[in-house]
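Residue-level listing of the chains:
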Amino acid sequence: MEQLAEKYDVVVIGAGPAGTAAASAIKSKGQKVALVEEDLWGGTCPNRGCDPKKILYTAVEAKKRAELLTSNGLNSQITLDWPALMANKRAYTKEISPATKKGMENSQIQTYVGHAEFVADTTLTVGEQLLEASNFVIATGQRPALLDIPGQEFLKTSTDFLDLDDMPADITIIGGGYVAFELAGIAVSAGAKVTVLVHNSRPLKAFPQKLVTALVEQLSNQGVKFVFDQNVIEVESIEKGYRIHGENDYQQDTDMVFAAVGRQPNVDDLGLTQAGVEYSKQGVIVDRHLRSTAAHIYAIGDAAASPIPKLTPVAGIEAKYVAAQIAGRDDEITYPLVPTVVFSLPKLAQVGMTESQAQKDLARYQVKVVDMSDWITYKRQHETKPLVQLIIDKMSGLVVGGACLSMEADEMINYLTVLIGEEYTAKKVKHILWSYPTTASDLQYIY
Ligand SMILES: Cc1cc2nc3c(=O)[nH]c(=O)nc-3n(C[C@H](O)[C@H](O)[C@H](O)COP(=O)(O)OP(=O)(O)OC[C@H]3O[C@@H](n4cnc5c(N)ncnc54)[C@H](O)[C@@H]3O)c2cc1C
Ligand SMILES: NC(=O)c1ccc[n+]([C@@H]2O[C@H](COP(=O)([O-])OP(=O)(O)OC[C@H]3O[C@@H](n4cnc5c(N)ncnc54)[C@H](O)[C@@H]3O)[C@@H](O)[C@H]2O)c1
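These figures come from a predicted structure and were not determined experimentally.

Student: Looking at this structure, I do not really get the overall build of the chain. What am I missing?
Tutor: When helices and strands are tallied, the chain shows 13 helices and 23 strands. For 447 residues, the compact-globule formula gives about 22 Å, and the C-alpha radius of gyration of the chain, at 24 Å, lands near that figure. Counting contacts in the chain only where the partners sit at least 6 residues apart, residues at least 24 apart contribute 67% of the total.

Now the structure itself:
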């Protein structure tokens, strides 16, 4: 007997920040919505990404700030208690999945547990269940990429790191992006010997060279060993831990190896071909309306191959946009400025025009780097070489891009996001009465 399909206006696949926000926004517009999740409700960010990382980082940050004040007013030696810190993290994350699912159900969103797979362009299966809808939203996110090398099975990922029972004595991280720099900072602070293997000589490529070089220097001073221009070709299991083999006879033994070499979209086992949805290595191919090649199927968040940083606030904006599109709006998506922070030691943040974009037109743009070491904020904290970089449009005099390396970079970048986005002139910034002495009051010296 043929199985009857449950019918919805919209089925959303994936209950991460993108999918939950989309389902809520679509429901609030009066549509009948189902949301499918095969793993943890809430997705990557609160379960194995931003939030657990930030919980671990909060202790790391406190330790770092205390260390900077040692001999300058603080005496005690602070060490991280990894198992207790992990218990603190788990106390937070264990509530996320059930609470998120319940929250969706309380909003009258129909929830399904299992793997969604299209069987036609209007129908998908979740286990034995058939779901039919007029519109679909693919919000399936990404998973850590691994390396296609012998010993691939020994590689751990950021997900494993953020749930380690104990911090190993010696870890190696392969990669030179966000994850590598964040995990390195946490691990070295927790007492591990850390090696970062980068396959080229330019880590954190999207960030300004000078600030990245300063970050590498500061992490190195804290004990992180960076090895550049080294391609890993094999990971071998040995009696105690692993032996990493690289090109040119490079060899190194370690207790645990983490791959931090990017993320790959969860699109390959979704039955997309049956639905007429095209995809690439970057994710579901979408137009400026976030519509896939099947016009009634949208893709948002990390699963979409849109040219915008893959971050939680971006997923949220795309979710609300798609809900409005499904409800009848037809404008192209526009993004506000997207600030981004690498939570390392110290933090590295950026917003707006980048250094490499400015360098293509130096007749128009000025790149200005300011060393903030002598300012009260950084003197009192005893920070090593805090830097800020501004990109200034010489024609208008406006700041159009900013980057910052310091323990205050996350807050500084939020201020810059507002000032750049709202096109504040230097005169206007200097006219604002900021509370003093704070990160915000430093803005008057930068502009
Ligand atoms: C270690 C780490 C740290 C990060 N830190 C930050 C940060 O500090 N700030 C920031 O803004 N961003 C950060 N990010 C990025 C952020 O987590 C993502 O951008 C965000 O989670 C994307 O949301 P999403 O809903 O698109 O995808 P996800 O959160 O990945 O959710 C997708 C969901 O879809 C489900 N799914 C997949 N396939 C199917 C299927 N076929 N059927 C049913 N369900 C399916 C998955 O199980 C998952 O729950 C970090 C990421 C990582 C890995
Ligand atoms: N604070 C944050 O906002 C935050 C934190 C973590 C992750 N994220 C998100 O997750 C994404 C993934 O982070 P990530 O660090 O894994 O990726 P990434 O894209 O930031 O960096 C990947 C790194 O791996 C290197 N690499 C690529 N292929 C390689 C190979 N075959 N061998 C060796 N090295 C290789 C790249 O050169 C690069 O240095 C980020 O782009 C971001 O969207 C955000």
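The structure having been displayed, the exposition proceeds.
Student: Just checking my understanding: could you explain the site of ligand 1 for this structure?
Tutor: Lining the immediate surroundings of ligand 1 are 36 residues, of which Gly14, Gly16, Gly43, Gly141 and Gly301 lie closest. Listing elements by their share of the shell around ligand 1, those giving two or more residues are α1 (17–28), β2 (33–37), α2 (44–48), α3 (50–69) and α8 (312–326). Each residue belonging to the shell around ligand 1 can be placed in one class, and the counts come to 16 nonpolar, 14 polar and 6 charged.

Student: It is not clear to me how the site of ligand 2 should be interpreted in this structure. Could you clarify?
Tutor: Neighbouring ligand 2 are 23 residues, the closest being Gly175, Gly176, Gly177, Val179 and Lys310. Going through the elements one at a time, α6 (178–189) and β19 (340–342) are the ones with two or more residues in the shell around ligand 2. The element that contributes the greatest number of residues to the shell around ligand 2 is α6, accounting for 4 residues. Partitioning the shell around ligand 2 into residue classes produces 13 nonpolar, 7 polar and 3 charged. Looking at which domains feed residues into the shell around ligand 2, each of domain 1 (6–51 + 87–144 + 264–326) and domain 2 (152–261) supplies at least three.

Student: In this structure, what is going on with the sheet that holds strand β10 (residues 225–227)? I would like to understand it.
Tutor: Sheets are built from strands that pair by backbone hydrogen bonding, the pairs being arranged parallel or antiparallel. Taken together, 4 strands build an open sheet; the order of strands is β10-β9-β8-β14 and the sheet is parallel. Strands with a single pairing partner mark the edges of an open sheet, and in this sheet they are β10 and β14 (256–259). Neighbour-to-neighbour, the strand axes of this sheet turn through a mean angle of 20 degrees, independent of strand direction. Against the sheet, α6 touches β8 (170–174), β9 (193–197) and β14, its axis set at about 165 degrees to β9.

Student: Whenever I open this one, the UniProt feature "binding site: FAD" (unreviewed entry) in the chain confuses me. Can you help?
Tutor: The UniProt entry lists Lys54 and Asp302 under the feature "binding site: FAD" (unreviewed entry), expressed in the numbering used here. Note on placement: lysine 54 falls in helix α3.

What counts and how
- Residues numbered from 1 in each chain as written.
- Chains lettered and ligands numbered in written order.
- Predicted model: local features only at pLDDT ≥ 70, side-chain atom pairs only at ≥ 80, totals over all residues.
- Helix = DSSP H or I, 4+ residues; strand = E, 2+ residues; numbered from the N terminus.
- Rg over C-alpha atoms; globule rule 2.2 N^0.38 Å.
- Contact = placed C-beta atoms within 7 Å.
- Near = placed C-beta within 6 Å.
- Nonpolar A, V, L, I, M, F, W, Y, C, P; charged D, E, K, R; others polar.
- Domains from an automatic or database assignment.
- Pairing = 2+ DSSP bridges.
- Axes fitted to C-alpha atoms, helices over the stretch in contact; angles between N-to-C directions.
- UniProt positions renumbered as here; feature names shortened; annotations may be inferred.

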